[in-house]
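Next come the chains, spelled out residue by residue.
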Amino acid sequence: MGNCVAKFQAKDNDSDQHVEFAGGNVTLITTKESWDQKLEEARRDGKIVIANFSATWCGPCKIIAPYYCELSEKYTSIMFLLVDVDELNDFSTSWDIKATPTFFFLKDGQELDKLVGANKPELQKKIVAITDSVPEHKQ
């Protein structure tokens, strides 16, 4: 298994706190514009998106983050996104986040499913169910 911990490099800020959260094939979303861009890219490529609304201070978020990274490396046909609810507070509020972590499963920008909490077996189960229900996109 690849190491999901140290792959993220902060570009235009000194935020080292995401190192353990974004790795593997997980993309850290830092602006509404980057969210829109990634959703458009997924729509164009016919990909499912899993968005993890998380917080650096959240114990369960820290526990599931490496697993989320592992899943991103296993299910490469899915786009894995990470949103820090503290950095994008207004945006997170617009998604009605009441607890972290909250995972949204999206297709064409529309919610297919949702999981609240750091439940590894349930996260895996939902990913399998969604990948089984969506026809494979031509690469």
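Now for a quick tour of the structure.

1. Here's the deal with the packing of aromatic side chains
Then step 1. Counted by the stated rule, this structure contains 10 aromatic pairs.
Then step 2. The interplanar angle of 65 degrees and the centroid separation of 6.5 Å between the aromatic rings of Phe91 and Trp95 together place this pair among those described as edge-to-face.
Then step 3. Three or more aromatic residues joined by ring pairs form one cluster here, namely Trp35, Phe53, Phe91, Trp95 and Phe104.

2. Some details on helix α1 (residues 32-45)
Then step 1. When the terminal C-alpha atoms of α1 are compared, their 20 Å separation across 14 residues agrees well with the 20 Å that a helix rising 1.5 Å per residue should span.
Then step 2. Taken residue by residue, α1 has Ser34, Trp35, Leu39 and Ala42 as its buried positions. One face of α1 carries all of its buried residues, which in axial projection span an arc of 135 degrees. Within α1, the exposed residues directed more than 90 degrees away from the buried face are Glu33, Gln37 and Arg44.
Then step 3. On the buried face of α1, the contacting elements are β1 (26-29), β2 (48-54), β3 (78-84), α3 (89-94) and β4 (102-107).
Then step 4. Gly46 sits one or two positions beyond α1 and adopts a positive phi of about 70 degrees.

3. What about the environment of Gly59?
Then step 1. Note on placement: Gly59 falls in helix α2 (residues 59-74).
Then step 2. Residue Gly59 is classed as partly exposed on the basis of its relative accessible area, which comes to 35%.
Then step 3. In this structure the C-alpha to C-alpha distance between Gly59 and Thr100, which are 41 residues apart in sequence, comes to 9.3 Å.

4. Some points on the pairing of β2
Then step 1. Burial within β2 is extensive, with seven of its seven residues counted as buried.
Then step 2. Burial along β2 is two-sided: Ile48, Ile50, Asn52 and Ser54 and Val49, Ala51 and Phe53, pointing in opposite directions, are all buried.
Then step 3. Sheet topology note: the β2/β3 ladder contains seven bridges and is parallel. Across the sheet, the residue bridging to Phe53 is Val83, located in β3.
Then step 4. Relative to β4, β2 runs antiparallel, the two sharing six bridges. Its bridge partner lying in β4, Ile50 is registered against Phe105.

5. Here's the deal with the pattern of salt bridges
Then step 1. Using the criterion set out here, one finds seven salt bridges in the structure.
Then step 2. Taking the shortest distance from any N to any O, the salt bridge between Lys126 and Asp113 comes out at 3.0 Å. Here the residue Lys126 occupies a position in helix α4 (residues 120-133), and Asp113 occupies one in strand β5 (residues 110-116), the gap between them amounting to 13 residues.
Then step 3. Among the residues examined, Lys126 registers a relative accessible area of 14% and is labelled buried.

6. What to know about unusual backbone geometry
Backbone phi values are negative for most residues with the exception of glycine, while trans is the configuration of most peptide bonds.
Then step 1. The peptide bond linking Thr100 to Pro101 adopts the cis configuration, its omega dihedral lying at -5 degrees.
Then step 2. Relative to the assigned elements, Pro101 resides in the loop between α3 and β4.
Then step 3. The residue Asp96 is not glycine, and still its phi comes out positive at about 60 degrees.
Then step 4. Along the chain, the position of Asp96 falls in the loop between α3 and β4.
Then step 5. The class of Asp96 is partly exposed, set by a relative accessible area of 43%.
Then step 6. For Asp108, which is not glycine, the phi torsion reads 55 degrees and is therefore positive.
Then step 7. Inspection of the secondary structure assignment puts Asp108 in the loop between β4 and β5.

Calculation notes
- Residues numbered from 1 in each chain as written.
- Predicted model: local features only at pLDDT ≥ 70, side-chain atom pairs only at ≥ 80, totals over all residues.
- Heavy atoms only, no water.
- Phe/Tyr/Trp six-rings, centres within 6.5 Å; stacked < 30°, edge-to-face > 60°.
- Helix = DSSP H or I, 4+ residues; strand = E, 2+ residues; numbered from the N terminus.
- Expected span 1.5 Å × (residues − 1).
- Buried < 20%, exposed > 50% of the residue type's maximum accessible area, 1.4 Å probe, protein only.
- Arc of directions from axis to C-beta.
- Contact = heavy atoms within 4.5 Å.
- Pairing = 2+ DSSP bridges.
- Salt bridge = Lys/Arg side-chain N within 4 Å of Asp/Glu carboxyl O.

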